[in-house]
Amino acid sequence: MKIALLGYGRMGKEIEKIALSRGHEIVIKKDVDTVIDINLADVAIDFSVPTSAYNNITNCINNNVPVISGTTGWLDKYEDAVALCKEKNSAFIYASNFSLGVNIFFELNKQLAKMMSSLEDYNISMEEIHHTKKLDAPSGTAITLAEGIIENTSKNDWELGDKASEKNIPIIAKRIPEVPGTHSVWYDSEVDTIEIKHTAHNRKGFALGAVVAAEWILDKKGVFTMKDVLNIR
């Protein structure tokens, strides 16, 4: 499989290592201003920056090259990308986190939220910790976790910071050097605390998940998620 790497930072380099170890070929390595011919690739993996992601994704869709995107901070245009993908009969997966473990964590989070939804004595809060080079806050992973809680409880929205209105979920975002990603969800009452937590030890899990998704989407048409890739129902 010939892969285009759209974004060749630390994640791009990690994806390259995983892809090569699985027998794939890297035919494009795109930095922000690099001019490319996306048609050289069988599939593209976008881990760029928020200002480049939408253009990268739409370039792939318009050229019928399946695209995997893990860039966060551009989601105000996500529905436009979905509509274009359907119009062009192309293939697209966006995930706030491609780690296979995190995607299991997303489902665990939803199930816990369902079980806790009727227990009004518990206050819900969240924390995410990432490296200092991460541009957006809260992380896309934290937002996905918050959305999973909102779908299954009476909470209305999330707020960045350690305080939030009664119907919203506070998300604390911390930036510490060399932290790949840690996400915690707390249900806290006067008598006890329930916590679920995912800690990434390195970037290999994110890279592996992205390559697995790229392998899966080849020759498919449509807009998919990691639930499709992992066959989670």
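Residues numbered from 1 in each chain as written. Predicted model: local features only at pLDDT ≥ 70, side-chain atom pairs only at ≥ 80, totals over all residues. Heavy atoms only, no water.

Right, let's get into the layout of surface pockets. Taken as a whole, the largest pocket encloses approximately 790 Å³ of empty space. If you trace the largest pocket, you find 32 residues lining it, with Met11, Phe47, Ser48, His131 and Lys134 closest to the centre. Those elements giving two or more residues to the lining of the largest pocket turn out to be α1 (10–21) and α2 (50–62). Across the lining of the largest pocket, the residue classes tally to eleven nonpolar, 14 polar and seven charged. Here the second largest pocket defines a volume of roughly 530 Å³. (1 Å grid on protein atoms, 1.4 Å probe; cavity = no way out; pocket = protein on both sides within 12 Å on 5 of 7 lines; lining within 4 Å. Points joined across faces, edges and corners; volume = space filled by probe spheres on them. Helix = DSSP H or I, 4+ residues; strand = E, 2+ residues; numbered from the N terminus. Nonpolar A, V, L, I, M, F, W, Y, C, P; charged D, E, K, R; others polar.)

To continue, consider the pattern of salt bridges. This structure, assessed with the given rule, holds seven salt bridges. Ionic pairing is found between Lys29 and Glu16, a salt bridge with its closest N-O pair at 2.8 Å. In this pair, Lys29 is assigned in strand β2 (residues 25–30) and Glu16 in helix α1, connecting sequence segments 13 residues apart. Overall, Glu16 belongs to the buried group, its relative accessible area being 13%. Of the charged contacts, one joins Glu127 and Lys174 as a salt bridge, the two residues approaching to 3.1 Å between their closest N and O atoms. In this pair, Glu127 is assigned in strand β6 (residues 123–130) and Lys174 in strand β8 (residues 168–175), connecting sequence segments 47 residues apart. If you follow the salt bridges from partner to partner, you end up with Glu107, Lys110 and Lys227 in one network. (Salt bridge = Lys/Arg side-chain N within 4 Å of Asp/Glu carboxyl O. Buried < 20%, exposed > 50% of the residue type's maximum accessible area, 1.4 Å probe, protein only.)

Moving on, we come to the sheet that holds strand β10 (residues 193–200). Strand order in this open sheet of five strands is β7-β8-β6-β9-β10, and the pairing throughout is mixed. Edge positions in the sheet fall to β7 (157–160) and β10, since each of these pairs with one other strand and no more. In this sheet, adjacent strand axes meet at a mean angle of 20 degrees when their direction is disregarded. Along the sheet face, helix α5 (residues 140–152) touches β6, β7, β8 and β9 (181–188) and points at about 165 degrees away from the line of β6. (Pairing = 2+ DSSP bridges. Axes fitted to C-alpha atoms, helices over the stretch in contact; angles between N-to-C directions. Contact = heavy atoms within 4.5 Å.)

Purely geometric stuff here, so don't read any function into it on its own.
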